[in-house]
Amino acid sequence: MSTAVTSSLQSPLASTSIPQRIYSVDRQQFARDFNERPFMVDHALSGHSAFTMDRLHDLLERSLPIRDKVYWNAGKREVGQKWSDRPGRDFSIEEAFRRIRESDAWIIIFGADRDPEIHAMLEEGLKEVQELTGIDFAREVKNMQSIVFITSPHRISEYHIDRECSMLLQIHGKKTIHIFDQNDREVLPEEEKERFWSVDNNAAIYKPHFQDRARSFLLEPGKAVHIPINAPHWLQNGDDISVSVNQNFQFRNERYANVYRANYYMRKLGMHPSPRGAHPGRDRMKAKAMSVPVNVAKKVSAIRAKMKSA
Ligand SMILES: [Fe+2]
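Residues numbered from 1 in each chain as written. Predicted model: local features only at pLDDT ≥ 70, side-chain atom pairs only at ≥ 80, totals over all residues. Heavy atoms only, no water.

Caption draft 1: The arrangement of the sheet that holds strand β11 (residues 233-237) in detail. Overall, antiparallel pairing links the four strands, which are arranged β6-β11-β8-β9 in an open sheet. Two strands bound the open sheet, and with one partner strand each, they are β6 (156-160) and β9 (215-219). The average undirected angle you get between the axes of adjacent strands in this sheet is 15 degrees. Across three bridges, β6 lies against β11 in antiparallel orientation. Bridged to Ser-157 within β11 is Leu-235. (Pairing = 2+ DSSP bridges. Helix = DSSP H or I, 4+ residues; strand = E, 2+ residues; numbered from the N terminus. Axes fitted to C-alpha atoms, helices over the stretch in contact; angles between N-to-C directions.)

Okay, structure coming up:
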């Protein structure tokens, strides 16, 4: 496929080296607010040649054959629409990318760190996060990855929550991200968190009447925002193509997840479980009780995946 239409993102000044330091931060704020509340920092990756449209095109082509590594949708979208609600698309992802200026598309490349340079950026970025927060990555983190987002002008990225703790770095174009407090139970009721951690990645429901509770950040090249786990967010792109890259990681938080799962199933049985965090002793019991069925379910799905690929 041709990438001629996107040549405006080719910069003759694009840098090819990984900066010695990616983030410029207020160290005190970073340590205090990380995974508690969103905040902005500066970053040094916006001029890097790994993010020209030709390079992103190569990355997309290499990612397409790999299962679940590319997600996209296109067309006019509402903030509260679900990712899973895909309107009929009468063109391919190749065309969506090639005509990104007018295709109203949102293209996500997961595991973008299969590109060696993006991988080196991820390692350096998360090394800085580790140093700034004191999180012991070897002990507390189970995986990390980089995700690239390519978005058409004016596109909305739908409201959702994530399992990952992330830094979202703006590379090209401007967009506004609206981030809500993950602990506001009116914005994000316990039932939605429980459903999210148990069975439904689209469990968070946008509530327009609480929009004014969001903190809004204008992302421009060189700016990054931190998004805590579970913090609901949606994005509004500006009038240019947007390219951004996410550096994220997941904690080894099976016990945390299992409390939400236990509450989800208790609620299904008509019970009224206490919210996670309200009673640590009960949380420990719930997490323990859920660990057996969750491990069995994981083993069954691993066997299924093996049989599929055999
Ligand atoms: Fe997200």
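That covers the picture; the talk isn't over yet.
Caption draft 2: Broad picture of the pattern of salt bridges. Evaluation of the coordinates by the stated rule reveals 28 salt bridges. With a shortest N-O distance of 3.2 Å, Arg-21 and Glu-131 are connected by a salt bridge. Taken as a pair, Arg-21 in the segment before β1 (23-24) and Glu-131 in helix α4 (residues 116-133) lie far apart in primary sequence, 110 residues in all. Overall, Glu-131 belongs to the partly exposed group, its relative accessible area being 43%. A salt bridge links Arg-55 to Asp-115; the shortest N-O distance between them is 3.1 Å. Of this pair, Arg-55 sits in helix α2 (residues 53-63) while Asp-115 sits in the loop between β4 (105-109) and α4, and the two are 60 residues apart along the sequence. A residue is classified by how much of its surface remains accessible, and Arg-55, at 26% relative accessible area, is partly exposed. When its relative accessible area of 3% is taken as the criterion, Asp-115 is described as buried. Put simply, Arg-21, Arg-27 and Glu-131 are held in one network by salt bridges that share partners. (Salt bridge = Lys/Arg side-chain N within 4 Å of Asp/Glu carboxyl O. Buried < 20%, exposed > 50% of the residue type's maximum accessible area, 1.4 Å probe, protein only.)

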